Every structure is written in C-alpha cells, then in structure tokens.
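Working through the structure, step by step
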Amino acid sequence: MAHTHESNTKRIWVVFGILSLITIVEVILGIDKPKALYMTNLLSMNLLNWIFIILTVVKAYYIMWAFMHLEGEKGSFRWSIVGPLVFLIIYLVFILLVEGNYIFDVFKNSPYRWIF
C-alpha cells in the first residue's frame, strides 16, 4: 500500500514538473519575443503565436491525460473524449485566424484602428 502512495506522489511531481516546464517556456517566449519567431509568418500568423497554441494544446492534453486518468482507459473511450476537443481546438484556431485577419484587413486604414 505504501508503494502505491509513493508512486502517486512521484507521478504528481512529474506532472507538476512537465506542466511547469511548458509554462516557463511560454513565459520566457512571451517576455523575450525572439525576433526570428515573432517576425516569421506561417499561415497568416507569426511563428511565435503558433508555438503558444501548440504548447497550450500539449498542456491541455497532458492535464486530461494525467488528472482525468485517461492513460488507464481503453483507446476508444480516450478518443471519445479527446477527439471532440481536438476538433474544437482546430475549429477555434481556424476562427481566430479568419476573423483576426478580417479585422486586421478592415481596420488597417480605418480611423477606428486604435480600438483594436
């Protein structure tokens, strides 16, 4: 019984370490904004924003994997939870790109650009 408690404690610290490392990388990139990443565009958005989106998705997946105990479930059940969320995230990123690009184009030379 004590062995299970120790492994759970170790697992919690490993999850904490991984999530903290990803968060620290995000914060450092957000503060530093390397010019090579910030000035490079990929699919109408700079590379730094893509890195933030990818790291956030990785964190969300790892939180579901660890704290919703999905690693012990069957593959079909796991995908019934993760699949719709992946689809939703892809859809929201698509909307972000399309609407953000539209707002940028419309208000680029507008007298109301200070609002955005």
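Within any chain, residue numbers begin from 1 and follow the written order of that chain's sequence. Residue-level local features of this predicted model are given only where pLDDT is at least 70; pairs of side-chain atoms are given and counted only at 80 or more, and the full residue set underlies all totals for whole chains, interfaces and linings. Where side-chain values are given, they derive from all heavy atoms of the structure, hydrogens and water being excluded.

**Overview of helix α3 (residues 47–67)**
For α3, built from 21 residues, the straight-helix expectation of 30 Å at 1.5 Å per residue is met to within 8% by its first-to-last C-alpha distance of 30 Å. Relative accessibility decides the category of a residue: with a 1.4 Å probe and only protein chains considered, values under 20% of the type maximum give buried, values over 50% give exposed, and everything between is partly exposed. Strands here are runs of E lasting at least two residues and helices are runs of H or I lasting at least four, both read from the DSSP assignment and numbered beginning at the N terminus. What α3 keeps buried is the set L48, W50, L55, K59, M64 and A66. Looking one or two residues past α3, H69 carries a phi angle of roughly 55 degrees, positive in sign. A helix's residues, less one, multiplied by 1.5 Å, set its expected span.

**Let's talk about the pattern of salt bridges**
A pair is scored as a salt bridge if a Lys or Arg side-chain nitrogen falls within 4 Å of a carboxyl oxygen belonging to Asp or Glu. Overall, the coordinates contain 1 salt bridge when judged by the stated rule. The residue K59 makes a salt bridge to E26 at a minimum N-O spacing of 3.0 Å. With a gap of 33 residues between them, K59 in helix α3 and E26 in helix α1 (residues 2–32) connect regions that are remote in the sequence. When its relative accessible area of 17% is taken as the criterion, K59 is described as buried.

**Observations regarding the environment of A66**
Tracing the backbone shows A66 in helix α3. Overall, A66 belongs to the buried group, its relative accessible area being 2%. Each C-alpha atom of the pair A66 and R11 lies 8.8 Å from the other, and the pair is 55 residues apart in sequence. Residue contacts for A66: discarding those within four places in its chain leaves R11, V15 and E71. Two residues qualify as a contact provided that any one of their heavy atoms is within 4.5 Å of a heavy atom in the partner residue.

**Some thoughts on the UniProt feature "transmembrane region" (unreviewed entry) in the protein chain**
The residues that UniProt annotates with the feature "transmembrane region" (unreviewed entry) are residues 12–31, 47–67 and 79–104. Across residues 12–31 one finds 100% helix and 0% strand; the C-alpha atoms that close the span lie 28 Å apart. Helix makes up 100% of residues 79–104 and strand 0%, whereas the separation of the span's terminal C-alpha atoms amounts to 36 Å. UniProt positions are given in the numbering used here, feature names are shortened, and annotations may be inferred rather than shown by experiment.

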